[in-house]
Structure formats: C-alpha cells, structure tokens
Amino acid sequence: MTHILWYITKMENNSIPEILTKSYNPTEHETRLYKMWEEAGYFNPDTVKNTGLVNESKDPFSIVLPPPNVTGILHMGHAMMITVEDIIVRYKRMQGHDTLWIPGTDHAAIATQSKVEKDIQKKEGKSRYDLGREELLRRVEQFAQESHDTIITQMKAMGASCDWSREAFTLDEKRTVAVRTVFKNMYEDGLIYRKNRIVNWDPKGQTTISDDEIVYEERESVLYTFKYSEDFPIAISTTRPETKIGDVAVAVHPEDERYQKYIGKEYNLNFCDLPISIKIIADDTVLKDFGTGALGVTPAHSIIDWEIADRHNLSNRPQVINEYAKIIAPEGHFLQNKKTTEARELVVSWLKEKGLLIGEERVKQNIGTAERTSGIIEPLPKLQWFIDVNKPIEKRGGKSLKELMREPIENDNIEMIPDYFTKTYFHWIDNLKDWCISRQIWYGHRIPVWYKKDSISELYVGVNPPENLELWEQDPDTLDTWFSSGLWTFSTLGWPEQTSDLKRYHPTNILETGYEILFFWVARMILMTQYAIGEIPFKTIYLHGTVRDGQGRKMSKSLGNGIDPIDIKDRYGADAGRMALIIGTAPGTDSKVSEDKIKGYKNFANKIWNITRFVLSSIEPVSIPNESNLNDDDKKVLGEWREQLSSITTHIEKYRLYMAGEELYHYIWHTFADKIIEESKDILKDENKRKSRSILLATILTETITTLHPFMPFVTEAIWENIDGQILLDNKKPLIITQWPTHTLPQ
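Being a predicted model, the structure only gives us computed values, none of them experimental. (Residues numbered from 1 in each chain as written. Predicted model: local features only at pLDDT ≥ 70, side-chain atom pairs only at ≥ 80, totals over all residues. Heavy atoms only, no water.)

Asker: Would you mind going over the overall build of the protein chain in detail, with residue names and values included?
Answerer: Scanning the protein chain for helices and strands turns up 23 helices and 27 strands. The principal-axis extent of the C-alpha atoms belonging to the protein chain is close to 110 × 60 × 55 Å. By residue count, 57% of the 747 residues in the protein chain fall in the buried class. In the protein chain, once contacts between residues fewer than 6 apart in sequence are set aside, the share between residues at least 24 apart is 77%. Only carbon and sulfur atoms are counted for the fraction: they give 47% of the accessible area of the protein chain, which is about 32200 Å². (Helix = DSSP H or I, 4+ residues; strand = E, 2+ residues; numbered from the N terminus. Buried < 20%, exposed > 50% of the residue type's maximum accessible area, 1.4 Å probe, protein only. Contact = heavy atoms within 4.5 Å. Areas by Shrake-Rupley, 256 points an atom, 1.4 Å probe, with all protein chains shown as cover.)

Written as structure tokens, this is what we have:
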C-alpha cells in the first residue's frame, strides 16, 4: 500500500504529458507520426544526410521492395515482407548507413488482365475481343491504378519507411526503356530468338505460360493400353488416346529385349480412320516397367516427346489439337473440332469397336493447370520468342546464362537465408530449358520488334520504333512479366543511364521475399543482372515463409480466414501486427498468426506506455548519457542490459529478426518491468541512491525504446516525443533519425 501511495504522490508532483496519463491508443498517433516522417523527408537518404546521422565511413545500404502485383490488396504475406524489410531499413538508418529503400508495384500482366477480363465477362458478357485492345487496356490501367493506390495506403499504414520519391512501376516509362534495352542487347548477342517450338498453352487464357506458372493438380485418370492396329506389333499405354492421331513414333528402351527386333522399322497404319506413319525408335528415357514399356511419341503435344523427336531427327510433328483444346481433323471426320475430353471417349469407343483396346486401369495423374485461369495446359507448337539459357556469351567470358545464375550462389557471393534453399535453386537451374518470353495478352511490355509490311523477312529490333513507322507493324505479343521484374534492382536505380544512385546503391544489400517465388523472380533477377551489367543484384537473399492462420491453414477467400492488415491496424495498431508477424518466425518457415497473438502485442505496446509513465513520474529530472554518476549496483544492472543489447544487435546484423524481437520483448516485460522497475520503487525513496537509479531508469528506458523502434515504430516514436520533461538528451531528434544505442559496458 505504501508503494502505491508513494507512486500516486509522485505522479501528482511530477509534470508528465497528459497523453501519458491514459492508455496507449494507436489511432491517436499512427497516421500523424507517419505523416510527420514522410513530410520531413526522413525516408529519403538525401534528406537524412543533412541531419548528421549518416556516417560516411560506413557503406551505403540499399534494398528494393519486391513489387506487389496491382491485382488487388495486400494480404498478411505482404505484411510480413513489409515488416521484415522495414525493421532492417530502420535499423540500418539508425546505425548511420546511407540507407535507401525503393518501393514499387508490378503490373503482373497475366494476373491483372485476367482479373479484369473475368469481371467484364461476368458483368457485361463480353470478351477482350469484343472490346478491342485500346478499350481493354484503358480498363486494365484504371483497375491497376486503383489497386496501386490501395496498396500504397496499406504499406504506409504498416509503417513502411520507403523513399516514395523514388517509387517505380514495372510498366512505367523508365522501366520500358530498360526492358527494351535489355531485349535489344540480348537479341544482338544471339540470346533471344524466334522459333516454332512446343510451349505451355493455356486454352482458357489464350496465351503461353512458363513452366513455373503451372499448378499441378492430382486427378483420377484412366491409363488405356491398346494397339494402333491389328498388324502393329507393339501395344502402348497412355492417358490421352485422343492425341495418338498425332503420333509419329513408338519409343522403347534400347535394352528391352521384347522390342529389339522392331527397332528401326516403320509402319504405315490406319488409326481412327486416319493415316499415320510410326517408326520404332530406341531411347534411354523410356521406362521399361511402366505400362507396356513402349511410348507413343506425339511431338506436337508433349514436351518430353518433342525432345525425343529432336534427339531422333523426327521432322514430322503434326499438330492435332488447336488453341481452344479442340481436335484438328479433316472435314467431316468424327473427331473434327471435338473438345479433347469428348474426343478421348470417341477414340476409346473406336478402339473397342475394332478390338484394339487391351486394358483400362484407374490411375492418379498430375494435371497441369494455369495458375491464373485454372485452365488445363495443352503443350502446343507455337511460333514464339525465347531466351537461350545455354548459349555462351562473349561479353561475359563465354559463360551461359545458366552459368551466370549458378556462380554467385556457388561461390558464396550471394548468401541465401536459409541456406538449404540453395539445393533447390541448383536443381531448378540444372533442369532449366530455354525461356519462352512472349505472351499472347495485351497488357504488358509489347515486344520491341517491328516487321516490314511489304517484306516477310525484314524486321527491326530497337528501344525506339523505326522511322517511317507506317511501313512497319509491331509484334502483337507482350513480354513475360518476369522479364521486366527481373531488371528490378538496377532499373529502379536508373539504368540504362549511369546514375549516381546506380553507382552508389548497386548491388543492393538484401532481397527479402517469399520462398515460393525463388524461381519465378529471384533466379531471374540474378540472370538478368549478371547479363545486363555484370554484377550480382543483391548480396543476401532472405526468404520468408507463408503466413497461415492460427490453425496452420493457408489463408484463402474460400475458408474466410484471411486477415486484412488494415483491419489489424484499426483494431490493434500496426505495431501489434508487426510484432505478431515477426516473433516466432524463422526465415524460410511458415508461421501462424491469430488475432489472439496480435492482441497480445497490443497489450505489450500498452505495457511500454505504462512503463514510460512510471519512469517519468518517478525519477528526478536527469540528463543522459551520464553513466559516471551511477553507483556500482546500477552499473551492474546497466551492464546486463548492454550485454542484452549487444546480443540483440548481433541478431539483427545476422538477420535473425525473430530472435532479436523476442529478446527485446522478454527483456522489457520480464526484466525491466517485472524486476528492475519493481525493485526501483524502494530504491527511489532512498535519497542516496535516487539520482543513480533515476539515471539508470532513464538510460534503460531510452535505449530500449530506441532499440525497439525498428520493430514497433509508432508507439516508440510517440513515447520519444514525450520524455523531455524528465529526461534531457543532447541534440534530441525524432527517433527515426536517432542513432542506434552503442552497447559498450559501463566503466
């Protein structure tokens, strides 16, 4: 009871800001503080240099934000990304580094156009072809702008201290110049070529997609075993009999004794009332124990079969499925213009009728679907633009793009956190095929190639259109989104111009992103940057995991378990959301976030607020730093904090942010509040110890608040604004540009 009365008396006698006399309310501070930081220019390194915080002896620190797709709003995975990066950026800024964090958004061509097209179809019953290219692009751009504005609002609400004056967009004018420059250079180096090759075709989206954009779904299928005709000696097995009218060969293993005598023979057959010619070939890739050990080779509709045809110089590669997943057959034929699923039943009926069907077996099969449209992928031969990933590049010492991607990881020039993802990365490179970069959509970077209207062979490739443009026609396709986003680190810094930003801030220090886009984006950035400017794009790759709900389920609309970062901010405060995302989340691992966890960190924000109120209302006015006036007991307590501070600093330097955050949380709540402050209530009544203890409490309060700032920027800045009455600091500035505490032990 004595402690409580003494504490109340001190509060009455001390003049502390009125705002501290009530509970912490995030809505009173967050918008106001962000506006203050932004308007003061503290996110811009050019402005921060004028504050005296930047230590020119330290290397600059730079990071580019993985650009969110302008397809909607940010989710908790984005919030995780923003939190991790903002912690790192605020820490490096306080450490005295010349710190740049470049924000931006991605046009996400297929995803954005697909979303707008679906909406138009649903509301108006119209397709893109009904609207025309110009009108569709107008609507897509309007949607993209609205999404962009929402995303930026969300990022600011989360506290992202990006330099908005340098914001970029993957489809803006500067990025267009960079994209066209790289395309032209690659074309002139013989890396970009146009060829009729088999690609992944999305019949629903009417475009090619990359291997990495295929989502495989396990479905039940039927494995059919049959012969093409009675007099054909080998039976084959397939789940897609409708494609067999396009077969040109049967492949067997060269060591399969059953088929040795047939290798090299050719057969002219009638299959499904259509003439086909089949050659028996031997290929090491055939599995002797699968099905009959014989593979019907359909080069135009299987990437594996296309490669077999390449190896055996099979020039005949008839296409029997069109872009709408319908069968190509002669006029009047029973398969003509039938959907593949319907044609499958008709072919099976024909086989049964002719007595050629040997067996049917229910099997599980991985079916490739398009990530954005869910359409079933059809491998088709198409005239497309490709990047050769195996061709030696003279200006890069004869190394191929594959080698340029592999070397910096292999030689530890780029560190990957966690490092076990390197094995997956190398496996992907080893299996990488030439990259198809053309897409049959309208939104995106249009391929910078023009064809002479009166010449079938003359073309022009350039950054700018050719002269006498009316004589030329531009290629209608657009580039794969990952082509432009692969240039992100150096294009956002001004390339192809040799800007001061490019010279000072590239390579960037760290790329922080989700592990699920390691191949989509991270690998392609290494490829593009190594090729274009002969540098690595970043020195460290930090891969975070998927944010799941409290039950460990992936957040989705169908489950209704998604958490909106803005809703979290409004209900609990951005700081609480940030701490809930970072603590307990190691790099590369999925994490669980629930509202209970977030609510717990709202209580922590209020705990810090209450700690501040107690300290300011209990101590005598002190100036710090003033460690020389500490007694031995208080020096020991401060020394223990400084050792903890050293550990926290090391964790952040090593990007172990979850450990740094957890140590801070436990120290503030369980050591500072539960132990040091509790014992201080008696010590502060002792006149001989009061000044020393006041200095100790003021020092630990200011240093813990400063150290916590990168994690919880709003509550810490709000506290920092209100400590002046009792704690006097030399040359006090806003916390965002205050120096990170040194962790020297008191003498």
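Asker: Explain the pairing of strand β11 (residues 274–282) to me, and be specific about the residues and the numbers.
Answerer: As judged from the 4 bridges shared by strand β9 (residues 249–252) and β11, these two strands associate in the parallel manner. Counterpart to Ala249 in the pairing with β11 is Lys279. Strand direction decides the pairing type here: strand β10 (residues 266–271) and β11, joined by 6 bridges, are antiparallel. Residue pairing across strands places Tyr267 opposite Ile278, the latter belonging to β11. (Pairing = 2+ DSSP bridges.)

Asker: Would you mind going over the environment of Asp211 in detail, with residue names and values included?
Answerer: As for its position among the elements, Asp211 is in the loop between β6 (207–209) and β7 (214–226). For the pair Asp211 and Tyr505, spaced 294 residues apart in sequence, the C-alpha to C-alpha distance is 33 Å. A distance of 2.6 Å separates a polar atom in the side chain of Asp211 from a polar atom in the side chain of Asn200. (Polar contact = N/O pair within 3.5 Å; in protein donor to acceptor, adjacent residues only side chain to side chain.)

Asker: How would you summarise the sheet that holds strand β22 (residues 508–514) if you had to cite specific residues and measurements?
Answerer: With parallel pairing, 3 strands are arranged side by side in an open sheet as β15-β23-β22. The strands lining the two open edges of the sheet, one partner per strand, are β15 (415–417) and β22. The average angle at which neighbouring strand axes cross in this sheet is 15°, direction not considered. Both β15 and strand β23 (residues 538–544) contribute to a ladder of 3 bridges, which runs parallel. Bridge assignment links Ile417 to a residue of β23, and that residue is Tyr542. (Axes fitted to C-alpha atoms, helices over the stretch in contact; angles between N-to-C directions.)

Asker: Please give an account of the packing of helix α7 (residues 133–157) against helix α17 (residues 565–572) that cites residues and values.
Answerer: In the contact formed by α7 and α17, the axes pass within 9 Å of each other and the chain directions differ by 40°. Between α7 and α17, the angle falls in the class oblique. Of the two elements, α7 crosses α17, and the hand of that crossing is left-handed. Here α7 contributes Thr153, Gln154 and Ala157 to the contact with α17, which in turn contributes Pro565, Ile566 and Lys569. Each residue belonging to the contact of α7 with α17 can be placed in one class, and the counts come to 3 nonpolar, 2 polar and 1 charged. (Parallel < 35°, antiparallel > 145°, perpendicular 65-115°, else oblique. Left-handed = near helix turned anticlockwise from the far one by under 90°. Nonpolar A, V, L, I, M, F, W, Y, C, P; charged D, E, K, R; others polar.)

Asker: I'd love a proper account of the packing of aromatic side chains, names of residues and values included.
Answerer: Counting across every chain of the model gives 30 aromatic pairs. Ring centres of Tyr24 and Trp609 lie 5.0 Å apart, and the angle between their planes is 45°; this geometry places the pair in the tilted category. You can see Tyr24 sitting in the loop between α1 (2–13) and α2 (30–40) and its partner Trp609 sitting in helix α19 (residues 595–618), a full 585 residues away along the chain. Residue Trp609 is classed as buried on the basis of its relative accessible area, which comes to 0%. Where Tyr420 meets Phe421, the ring centres are 4.9 Å apart and the plane angle is 35°; that geometry is what we call tilted. Judged by relative accessible area, Tyr420 falls into the partly exposed class, the value being 46%. An aromatic cluster of at least three residues, connected via ring pairs, comprises Phe226, Tyr228, Phe232, Tyr267, Phe271 and Trp350. One cation-aromatic arrangement involves Arg90 over Trp37; the distance from NZ or CZ to the ring centre is 4.5 Å. In this structure, Arg197 packs its charged tip against the face of Phe386, placed 5.0 Å from the ring centre. (Phe/Tyr/Trp six-rings, centres within 6.5 Å; stacked < 30°, edge-to-face > 60°. Lys NZ or Arg CZ within 6 Å of the ring centre and 35° of its normal.)

Asker: Residues and numbers for the pairing of strand β5 (residues 192–202), please.
Answerer: Relative to strand β14 (residues 378–387), β5 runs antiparallel, the two being bridged by 10 bridges. By the bridge assignment, Asn200 is partnered in β14 with Pro379. One ladder, built from 3 bridges, connects β5 with β6; its direction is antiparallel. Bridge assignment links Asp202 to a residue of β6, and that residue is Thr207. Count of turn residues in the β5/β6 antiparallel hairpin: 4 residues, of which Gln206 carries a positive phi of about 55°.

Asker: Could you give an account of the environment of Leu269, with specific residues and numbers?
Answerer: Following the sequence through the fold, Leu269 ends up in strand β10. Taking the C-alpha atoms as reference points, Leu269 and Ser161, 108 residues apart in sequence, are found 70 Å from one another. Beyond its immediate chain neighbours, meaning those up to four positions away, Leu269 contacts Tyr228, Ser229, Asp231, Phe232, Leu274, Pro275, Ile276 and Ile278.

Asker: Talk me through the sheet that holds β9; I want residue IDs and the actual numbers.
Answerer: Pairing in this open sheet of 4 strands is mixed, and the strands run β10-β11-β9-β12 from one edge to the other. The sheet terminates laterally at β10 and β12 (294–297), the two strands that pair on one side only. Strand-to-strand twist across the sheet, computed as the mean angle between neighbouring axes with direction ignored, equals 30°. Across the face of the sheet, helix α9 (residues 303–311) comes into contact with β11 and β12 while running at roughly 90° to β12.

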